[in-house]
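Structural characterization, general
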Amino acid sequence: MTVSLALNHARNFLARHMLLTNIGTSCAQIGTADIIQQHINGDVDRDGWDWRRTCRMAAIGLVMAPSLHCFYRVLDTRKFKGSKNCRVLKKLAWDTSFIPFFSCTFITVGAIYEGKSPKAAFAEYRRKMWHIWKVDFTLWPPAQLINFYFLPPALRVVYVNLVSLLYNCIMSYIKNNELHHPH
């Protein structure tokens, strides 16, 4: 089998199984972001690589990817009226309104994987939400403007995962450190 034929088979498989592709990409990307963050933060030099933490972080993709996959399918099948610019802005407004849901899911699922109760997991989100929202509302609206204006629907979750590599390095730091909100 030639390389070209193998790549064509892989491309066809991934296109037919977008949910599985999105889950695999999300898990790999969130895990990679955690490894990068552990290096940047000096955790690896100080304590060694915490592979259990990386596995827990990567497993967040098992919940986030299906959520994003379904969210974008619904968003892409809605018949927004108006010019392309108007449709993109409407999608951007919907996406921006769901930012708190996705960041809450990320933090609470990660906390539950650590063995915390749902109540304690949500309490962790509430403690960290202002830090998260600053990042969310700075990064996601411009990134999603590019996503909705220039990219075809089949590339949405993959693109979001690429942007998320940076985002999840930051989220890994926020998730795994106690932060204080200045008064």
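Residues numbered from 1 in each chain as written. Predicted model: local features only at pLDDT ≥ 70, side-chain atom pairs only at ≥ 80, totals over all residues. Heavy atoms only, no water.

So, the packing of helix α7 (residues 99-113) against helix α8 (residues 118-150)
- Between α7 and α8, the shortest axis-to-axis distance is 8 Å and the interhelical angle comes to 140°. Between α7 and α8, the angle falls in the class oblique. Here α7 runs over α8; the crossing is right-handed. Between α7, through Ile99, Pro100, Ser103, Cys104, Ile107, Thr108, Ala111 and Ile112, and α8, the contact on the second element is made entirely by Pro118, Ala121, Phe122, Glu124, Tyr125, Ile132, Trp133, Asp136, Phe137, Trp140 and Pro141.
- Residue composition of the contact of α7 with α8, grouped by class: 15 nonpolar, two polar and two charged. (Axes fitted to C-alpha atoms, helices over the stretch in contact; angles between N-to-C directions. Helix = DSSP H or I, 4+ residues; strand = E, 2+ residues; numbered from the N terminus. Parallel < 35°, antiparallel > 145°, perpendicular 65-115°, else oblique. Left-handed = near helix turned anticlockwise from the far one by under 90°. Contact = heavy atoms within 4.5 Å. Nonpolar A, V, L, I, M, F, W, Y, C, P; charged D, E, K, R; others polar.)

Points about the UniProt feature "transmembrane region" (unreviewed entry) in the chain
- Residues annotated by UniProt as "transmembrane region" (unreviewed entry) correspond here to residues 57-75 and 96-113.
- End C-alpha atoms of residues 57-75 are separated by 27 Å, and the span's content is 95% helix alongside 0% strand. (UniProt positions renumbered as here; feature names shortened; annotations may be inferred.)

Description of the environment of lysine 84
- Within the element layout of this structure, lysine 84 appears in helix α6 (residues 84-97).
- Since its relative accessible area comes to 39%, lysine 84 is described here as partly exposed.
- Along the backbone, lysine 84 and cysteine 169 are 85 residues apart, and their C-alpha atoms lie at a distance of 33 Å.
- In this structure the side chain of lysine 84 is engaged in a polar contact, spanning 3.0 Å, whose partner is the backbone oxygen of tyrosine 149. (Buried < 20%, exposed > 50% of the residue type's maximum accessible area, 1.4 Å probe, protein only. Polar contact = N/O pair within 3.5 Å; in protein donor to acceptor, adjacent residues only side chain to side chain.)

A closer look at the pattern of salt bridges
- One pass over the full model with this rule turns up 11 salt bridges.
- With a shortest N-O distance of 3.5 Å, glutamate 114 and lysine 116 are connected by a salt bridge.
- Between glutamate 114 and lysine 175 there is a salt bridge, and its shortest N-O distance comes to 2.9 Å. Of this pair, glutamate 114 sits in the loop between α7 and α8 while lysine 175 sits in helix α9 (residues 156-175), placing them 61 residues apart in sequence.
- By sharing partners, the salt bridges in this structure join Asp34, Asp43, Arg46, Asp47 and Arg53 into a single network. (Salt bridge = Lys/Arg side-chain N within 4 Å of Asp/Glu carboxyl O.)

Here we look at the nonpolar core
- Of all hydrophobic cores here, the largest spans 31 residues; its most connected members are Ile60, Tyr72, Phe106, Ile132, Trp140 and Tyr167.
- Secondary structure elements with two or more residues in this core: α5 (61-77), α7, α8 and α9.
- Among the elements that take part in this core, α8 stands out by supplying eight residues, more than any other. (Core = buried A, V, L, I, M, F, W, Y, C linked by side-chain atoms within 4.5 Å.)

Describing α8
- The end-to-end C-alpha separation of α8 is 38 Å, well short of the 48 Å expected for 33 residues at 1.5 Å each.
- In the structure, α8 departs most strongly from a straight axis at lysine 128, where the bend amounts to approximately 60°. (Expected span 1.5 Å × (residues − 1). Bend = angle between axes of the 7 residues up to and from the residue.)

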